[in-house]
2 protein chains.
Amino acid sequence: MNLKQLSELLGLSQTTISRAINGYPEVNEETRKRVLKAAAETGYRPNRAAQRLATGRAGSIGLVMPAAAGHASDVHFGEFLSGIGEEALKHDFHFVIMPSHPREEEQAIRWLVASGSVDGYYLAYMREKDPRIAMAKSLRVPFLIHGRSHGIEEDYPYLDVDNEGAFRDATDLLLDLGHRRIALLNGPRDLDFAIRRKVGTKTALKARGLSLDPALTHHTAMTDEQGFRQMSALLREENPPTAVLCASTVLALGAVRAINLAGLRLGHDISLVAHDDVLPLLKPENFTVPLTTTRSSLRAAGIRIAERLIAQIKRTEPQPPEQELWKADLVIRASTGPAPR
Amino acid sequence: MNLKQLSELLGLSQTTISRAINGYPEVNEETRKRVLKAAAETGYRPNRAAQRLATGRAGSIGLVMPAAAGHASDVHFGEFLSGIGEEALKHDFHFVIMPSHPREEEQAIRWLVASGSVDGYYLAYMREKDPRIAMAKSLRVPFLIHGRSHGIEEDYPYLDVDNEGAFRDATDLLLDLGHRRIALLNGPRDLDFAIRRKVGTKTALKARGLSLDPALTHHTAMTDEQGFRQMSALLREENPPTAVLCASTVLALGAVRAINLAGLRLGHDISLVAHDDVLPLLKPENFTVPLTTTRSSLRAAGIRIAERLIAQIKRTEPQPPEQELWKADLVIRASTGPAPR
């Protein structure tokens, strides 16, 4: 069954059928239902080229993937992408990925937009005062920011996790348990989420008249290896921490190994809280000592970003920028306990 | 500096400049060097739409991403993609990803090709007697298979790891150490690589007059959680294995935890060999007891596939299908030792 045949069967134009299937508002609900029913019964799947002709849209979301020799793949990127994919599939959207050197994303976005191959795009891996936001606002294609950019007015559409609140809560928990020497294994120094997590940690400490010791603060790539290395270094400090905050369960994996190797009991001799992106690969409840976490699903964020971006693309009227800040859940498990005396 | 300005500066047509920059054979080497030098000096970056006009090519590679509600993201997919990205970046190629239900990849590939948005594509997650290969051969767009399909004549272009050889070698190592009860924690039952790894294991056992016990063979998703669950089940067997083969370091992560929880010493009471895709996230040498592995870099495979596919796209003459079978290295570390008496 092709579009022409379906058109003849239903007595509707090919354009109407394409628009109905793609959920554009020009087609009334009754007609849309009739088309979808017939499409399902006859096994019709729309031809993308025909779709594009009918709607003037490519049916695609653009994104930039940091890539370079030696640039490690990021498990968080893959998890987020799977959420985008799940939602895009529902709307028959695909995505166009432009690989880019980590510092040349602006050029990559300009290319995506100029090529006409994307109807909208999202930006991720935001940094402080990120110039990509002003650029995105100047281009006339819908966009959405995953995260935010510290130091820039928040007048752009975004979806972010309340990273500051999450790490403030986690630090408060540790302080309530009597910990005073608290370490922070954070993500890369220039990324917005890492900046906000540090702010949250500092805020909680300050409220109790304490401050974050620079010797106990590390910025690092989020791998198992770095978690092990940085935690080992922390444990060799003259005055080691009694508790540690980890920016990812991946970092925690290495950190826990270093703690075990040092003969310390997690949740007794030392406490640990990790941020949990809900990676299916690595569940905090499955660690030998289950991890206390601040939890926010990266996949759910991917789904929501695709949903909002596709809605923006299909909308005929411009909308004011929508901002969403998700609260992370604090999930207390066995890796946190009272500070040792 | 735009294409028009560069064209005036060099006294060359815009088409020649685009072709030179994209490395098409119509432009002689001297001209190409002159264009690249001028482009570098003036900071010129080609406009993709202009490129496409000049070359008739989209500058893009297509691929299908399995996606669905509840379909877990795959860390192996992300790592492979990072290799593709690294190589694509060098050639100024991007990629177009079509999300697809895991059983509807044929339709997704047809769409990619029909849309005209890709110059070539690769297929992954191959299954036994996979119908996608016949389909790909019938479409007139370059393609490359990552992996192979058991039960189909190998007359198509592919890049695969010698999965059978890898697991034969790993099993031989265990047999040489005196192990006779060998378990296999394998990938999903219908995937080609899992089938070949099982064949390799069986072949090595058979050569010593042994066979693979079905009670010691599990097919599973490649997550930490499944590794833990399946290993725990194996250890509860009346006659438990003295050695286990794991299809991924991710599975091994959970399996090692189950071994530790059971109070067994890895490399003494039980031996383990894992297949190592060289995921930066999870290095076998960083396990508390470093893991013996069969090693083949998934990222290197991604790089090589992009390299071959882009060469195929730029070639003006058709070439016979090229087949590459990479041998996995056997890397012996502390997780394997003599069978306990």
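Residues numbered from 1 in each chain as written. Chains lettered and ligands numbered in written order. Predicted model: local features only at pLDDT ≥ 70, side-chain atom pairs only at ≥ 80, totals over all residues. Heavy atoms only, no water.

Under an unreviewed UniProt entry, the name given to chain A is LacI family DNA-binding transcriptional regulator, and the source organism is Ciceribacter ferrooxidans.

Visitor: Just checking my understanding: could you explain helix α8 (residues 163–176) of chain A for this structure?
Guide: For an α-helix the count is 3.6 residues per turn, leaving residues at separations of three or four pointing the same way. All names here are of chain A. Taking 1.5 Å per residue as the helical rise, α8 with its 14 residues ought to reach 20 Å, and the 20 Å between its terminal C-alpha atoms agrees with that figure. Looking only at α8, the buried set comprises Asn163, Gly165, Ala166, Phe167, Ala170, Thr171, Leu173, Leu174 and Leu175. Just downstream of α8 lies Gly178, where phi reads positive at about 95°. (Helix = DSSP H or I, 4+ residues; strand = E, 2+ residues; numbered from the N terminus. Expected span 1.5 Å × (residues − 1). Buried < 20%, exposed > 50% of the residue type's maximum accessible area, 1.4 Å probe, protein only.)

Visitor: Would you take a moment to explain unusual backbone geometry for this structure?
Guide: Across the chain, the bulk of peptide bonds are trans and the bulk of non-glycine residues have phi less than zero. All names here are of chain A. Phi angles above zero are rare outside glycine, and Val278 is one such case at about 60°. Tracing the sequence through the fold places Val278 in the loop between β9 (271–276) and β10 (292–295). What makes Val278 partly exposed here is its relative accessible area of 33%.

Visitor: Teacher, can you tell me more about the pairing of strand β5 (residues 158–161) of chain B here?
Guide: Put simply, side chains in a regular strand alternate between the two faces of the sheet. Residues and elements named next belong to chain B. Side chains of β5 alternate between two faces, with Tyr158 and Asp160 and Leu159 and Val161 buried alike. Relative to β5, strand β4 (residues 143–146) runs parallel, the two being bridged by two bridges. For Ile145, the partnering residue across the bridge sits in β5 and is Tyr158. As paired strands, β5 and strand β11 (residues 323–326) are joined by four bridges and run parallel to one another. (Pairing = 2+ DSSP bridges.)

Visitor: What am I meant to see in the packing of helix α5 (residues 75–91) of chain B against helix α12 (residues 298–314) of chain B here?
Guide: Residue and element names in this part refer to chain B. Where α5 meets α12, the axes come as close as 7 Å, and the angle between the chain directions of the two elements is 40°. The angle between α5 and α12 places the two elements in the oblique class. The way α5 lies across α12 gives a crossing that is right-handed. From α5, His76, Glu79, Phe80, Ser82, Gly83, Ile84, Glu86, Glu87, Ala88 and His91 reach across to α12, where they touch Leu298, Arg299, Ala301, Gly302, Ile303, Ile305, Ala306, Glu307, Ile310 and Lys314. Of the residues belonging to the contact of α5 with α12, the class tally is nine nonpolar, five polar and six charged. (Axes fitted to C-alpha atoms, helices over the stretch in contact; angles between N-to-C directions. Parallel < 35°, antiparallel > 145°, perpendicular 65-115°, else oblique. Left-handed = near helix turned anticlockwise from the far one by under 90°. Contact = heavy atoms within 4.5 Å. Nonpolar A, V, L, I, M, F, W, Y, C, P; charged D, E, K, R; others polar.)

Visitor: What exactly am I supposed to notice about the packing of helix α6 (residues 105–115) of chain A against helix α7 (residues 131–138) of chain A here?
Guide: The description of two helices packed together rests on the angle between their axes and the distance between the axes. Residues and elements named next belong to chain A. Running from N to C, α6 and α7 cross one another at 15°; their axes reach a closest spacing of 10 Å. Between α6 and α7, the angle is such that the two are roughly parallel. Taken as a pair, α6 and α7 cross one another with a handedness that is right-handed. Here α6 contributes Glu105, Glu106, Ile109 and Arg110 to the contact with α7, which in turn contributes Pro131, Arg132 and Met135. Looking at side-chain class alone, the contact of α6 with α7 contains three nonpolar, no polar and four charged residues.

Visitor: So what exactly am I meant to see when it comes to the domain arrangement of chain A here?
Guide: Accessible area lost upon the coming together of the parts is a frequently used measure of interface size. Residues and elements named next belong to chain A. Domain parsing of chain A yields domain 1 (60–161 + 298–326) and domain 2 (163–297). Here domain 1 packs against domain 2, burying approximately 1500 Å² in sum over the two surfaces, 54% of which is carbon and sulfur. Joining domain 1 to domain 2, the criterion identifies zero salt bridges. Of all elements in the fold, only α5 (75–90), β5 (158–161) and α12 (298–314) reach the threshold of two or more residues within the side of domain 1 that touches domain 2. Top contributing element to the side of domain 1 that touches domain 2 by residue count: α12, with four residues. For the side of domain 1 that touches domain 2, a count of residues per class yields eight nonpolar, three polar and eight charged. (Domains from an automatic or database assignment. Buried area = accessible area lost by both parts, 1.4 Å probe. Salt bridge = Lys/Arg side-chain N within 4 Å of Asp/Glu carboxyl O.)

Visitor: Any chance you could explain the relation of the copies chain B and chain A here in plain terms?
Guide: One chain copy maps onto the other through a rotation about an axis and a shift parallel to that axis. Of the two same-sequence chains, chain B is brought onto chain A (RMSD 0.0 Å, axial shift 0.0 Å) by a rotation of 180°. Taken together, the rotation angle and the small translation identify this as a two-fold axis. Nearest to the rotation axis, the C-alpha of Val96 of chain B is located 2.2 Å from it, this being the minimum over chain B. Counting the interface residues of chain B, we find that 100% of their copies in chain A are interface residues as well, pointing to one common contact surface. (Least-squares fit on C-alpha atoms with pLDDT ≥ 70 in both.)

Visitor: Any chance you could explain the sheet that holds strand β12 (residues 329–331) of chain B here in plain terms?
Guide: Remark on secondary structure: sheet strands pair via backbone hydrogen bonds, oriented parallel or antiparallel. Residue and element names in this part refer to chain B. Taken in spatial order, the six strands make up an open sheet running β7-β6-β8-β9-β10-β12, and their pairing is mixed. Both edges of this open sheet fall to β7 (217–219) and β12, since each of them pairs with a single strand only. For this sheet the average axis-to-axis angle between neighbouring strands, irrespective of direction, equals 15°. Bridge count between strand β10 (residues 292–295) and β12: three bridges; the pairing is antiparallel. In the strand pairing of β12, Thr294 is matched with Leu330. Lying over the sheet, helix α8 (residues 163–176) contacts β6 (182–186), β8 (243–246), β9 (271–276), β10 and β12, oriented at roughly 165° with respect to β8. In this fold helix α11 (residues 249–261) packs onto β6, β8 and β9, with an angle of close to 160° to the strand it touches most, β9.

Visitor: Explanation requested: the interface of chain B and chain A in the structure shown.
Guide: Facing 52 residues of chain B, the contacting portion of chain A comprises 53 residues. Here chain B and chain A share an interface that buries about 4300 Å² over both sides, 65% of which is from carbon and sulfur atoms. Per-residue buried area on chain B facing chain A is highest for Leu89, Trp111 and Leu281 of chain B; these three make up 15% of the total on that side. Where chain B meets chain A, there are two salt bridges. With a shortest N-O distance of 2.7 Å, Lys283 of chain B and Glu225 of chain A are connected by a salt bridge. Mapped onto the side of chain B that touches chain A, the elements with two or more residues apiece are α4 (48–55), α5, β2 (94–100), α6 (105–115), α10 (224–235) and α11 of chain B. Considering every element that reaches the side of chain B that touches chain A, the biggest residue donor is α5 of chain B, with ten residues. By the bridge criterion, three bridges tie strand β2 (residues 94–100) of chain A to β2 of chain B in an arrangement that is antiparallel. Paired with Val96 of chain A across the bridge in β2 of chain B is Val96 of chain B.

Visitor: Quick question: what am I supposed to make of the nonpolar core here?
Guide: Soluble, globular proteins show a tendency: their nonpolar side chains are buried together. Core analysis: the largest hydrophobic core is formed by 55 residues, its most contacted members being Met231 and Leu272 of chain A together with Leu272 of chain B. Ignoring any residue separated from it by four or fewer positions in sequence, one finds Leu272 of chain A in contact with Val244, Cys246, Ala252, Ala255, Val256, Ile259, Leu266, Leu291, Thr292, Ser335 and Thr336 of chain A. Met65, Phe77, Phe80 and Leu159 of chain A belong to the second-largest nonpolar core, a separate cluster that totals 47 residues. (Core = buried A, V, L, I, M, F, W, Y, C linked by side-chain atoms within 4.5 Å.)

Visitor: Would you mind going over the environment of Val96 of chain A with me for this structure?
Guide: Tracing the chain through its elements places Val96 of chain A in strand β2. When the C-alpha positions of Val96 of chain A and Val118 of chain A are compared, they lie 6.9 Å apart, and in sequence the two are 22 residues distant. Among all residues touching Val96 of chain A, those that are not within four sequence positions of it are Ser60, Ile61, Gly62, Leu63, Leu112, Ser117 and Val118 of chain A together with His94, Phe95 and Val96 of chain B.

Visitor: Would you explain the sheet that holds strand β6 (residues 182–186) of chain A in this entry?
Guide: All names here are of chain A. Taken in spatial order, the six strands line up as β7-β6-β8-β9-β10-β12 in an open sheet, and their pairing is mixed. Only two strands of the sheet have a single neighbouring strand rather than two, namely β7 (217–219) and β12 (329–331). Averaged over all neighbouring strand pairs, the angle between strand axes comes to 15°, with direction disregarded. When β6 meets β7, the two strands line up parallel, connected through three bridges.

Visitor: Hey, could you run me through the confidence of the model for chain A in this one?
Guide: Caution applies to low-pLDDT parts of the model: their predicted coordinates are not meant to be read in detail. When the pLDDT values of chain A are averaged, the result is 89; 94% of them are 70 or greater. Two summary scores accompany this predicted model of the complex, namely pTM at 0.83 and ipTM at 0.78. (pLDDT = per-residue confidence, 0-100.)

Visitor: Explain the side chain of Ser296 of chain B to me, please; I cannot follow it from the model alone.
Guide: Within the fold, Ser296 of chain B resides in the loop between β10 and α12. For Ser296 of chain B, the residues in contact, after removing those within four places along its chain, are Val161, His275, Asp276, Asp277, Val278, Trp326 and Ala328 of chain B.

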